[in-house]
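Coordinate inspection notes
The residues making up each chain are set out below.
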Amino acid sequence: MTPVDPVASVAPPRSTPIPGWMILLIAVTALALSTAALAVSLVGMSSLRFSGMMSGPGMMGGSQPGGSQPGETGFVAGTSAAPRVVQVTAGPGLAFYPSTIPVVRGETVTFLVTTMGPSTHEFMVGPADAVAADAAGTAEVSDIGMMQTKALTTTFDGPGPYAFACHVPGHYEAGMRGAIAVLPA
Ligand SMILES: [Cu+2]
């Protein structure tokens, strides 16, 4: 009797493989869920504290931990001892979300940059001219692969203007960049 491979015997016929886009869709959905879980765990305390107040998501920055952007009720500026966490999504496509991030002059921010989609990205942040020129010494994290998150902490204590960008070849030129809007303290 010919041995039967138990896996092959239950696998779908070769004519109907699971399409690649479905695998990607499942992966992206899983990432979104895990990112949401991380956000919830990060802001559990502040969410409870503000749960009885009108604190909708910021219009400029999308949904950030705590729902508080500079200028909103309950906003707490980041410090070197306790940086404010700002989540940034790299992709899908050659773009960052959000594309404009408000900060208060002098505050320290930890960016959590997560790649969505199959490309690998970088996240550089600093003075706009240095970021545009991909200048050596400008703060950055690189090689952020699909579903990876990397952290970068920066203090915005200079004159500005500030910007952020991805300098993987072709990405900056395609528009993978954004602005840091520095508001008065
Ligand atoms: Cu990129």
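Structural data are supplied above this passage.
Thresholds applied
- Residues numbered from 1 in each chain as written.
- Predicted model: local features only at pLDDT ≥ 70, side-chain atom pairs only at ≥ 80, totals over all residues.
- Helix = DSSP H or I, 4+ residues; strand = E, 2+ residues; numbered from the N terminus.
- Buried ≥ 20, exposed ≤ 12 C-beta atoms within 10 Å, placed from the backbone.
- Pairing = 2+ DSSP bridges.
- Axes fitted to C-alpha atoms, helices over the stretch in contact; angles between N-to-C directions.
- Core = buried A, V, L, I, M, F, W, Y, C linked by C-beta atoms within 7 Å.
- Contact = placed C-beta atoms within 7 Å.

Let us now look at the overall build of the protein. Within the protein one finds four helices and nine strands. When its helices and strands are written in sequence order, the protein yields α-α-α-β-β-β-β-β-α-β-β-β-β. Across the 185 residues in the protein, those meeting the buried criterion constitute 26%.

Within the open sheet, the five strands sit side by side as 3-9-8-5-6. Their pairing is mixed. Whereas interior strands pair on both sides, the edge strands pair on one side only; in this sheet they are strand 3 (100-104) and strand 6 (140-144). Ignoring which end each strand starts from, the neighbouring axes of this sheet average 20 degrees apart. Bridge count for strand 3 against strand 9 (residues 177-183) is five bridges, and the pairing is parallel. Within the sheet, the bridge partner assigned to T100 lies in strand 9 and is A179.

Where strand 1 (residues 84-90) and strand 4 (residues 108-115) come together, seven bridges link them in parallel fashion. Bridged to Q87 within strand 4 is L112. Where strand 4 meets strand 7 (residues 149-155), seven bridges bridge the pair, whose relative direction is antiparallel. Following the sheet pairing, V109 is matched in strand 7 by T154.

Among the nonpolar cores identified, the biggest contains 23 residues, and F123, V125, F164 and I180 are the most heavily contacted of them. Looking at this core, the elements with two or more residues in it are strand 1, strand 3, strand 4, strand 5 (121-127), strand 8 (162-165) and strand 9. Ranked by residue count, the leading element in this core is strand 8, at four residues.

Let us look at the environment of V88. With respect to the helices and strands, V88 occurs in strand 1. C-alpha separation for the pair V88 and P98, spaced ten residues apart in sequence, amounts to 6.5 Å. With residues near it in sequence (within four places) discarded, V88 still touches F96, F111, L112, V113 and F123.

The topology assignment puts M146 in the loop between strand 6 and strand 7. What makes M146 partly exposed here is the crowd of 19 C-beta atoms within 10 Å. In this structure, the C-alpha to C-alpha distance between M146 and S119, residues 27 residues apart in sequence, is 6.5 Å. Leaving out residues up to four positions away in the same chain, M146 has contacts with T115, G117 and P118.

Let's shift gears to the sheet that holds strand 4. Sheet architecture is open: four strands sit in the order 2-1-4-7, paired in mixed fashion. One side of each edge strand has no neighbouring strand; the edge strands of this open sheet are strand 2 (96-97) and strand 7. In this sheet, strand 2 lies alongside strand 1 in antiparallel orientation, the contact comprising two bridges. Note on strand 2: the bridge partner recorded for A90 is F96.

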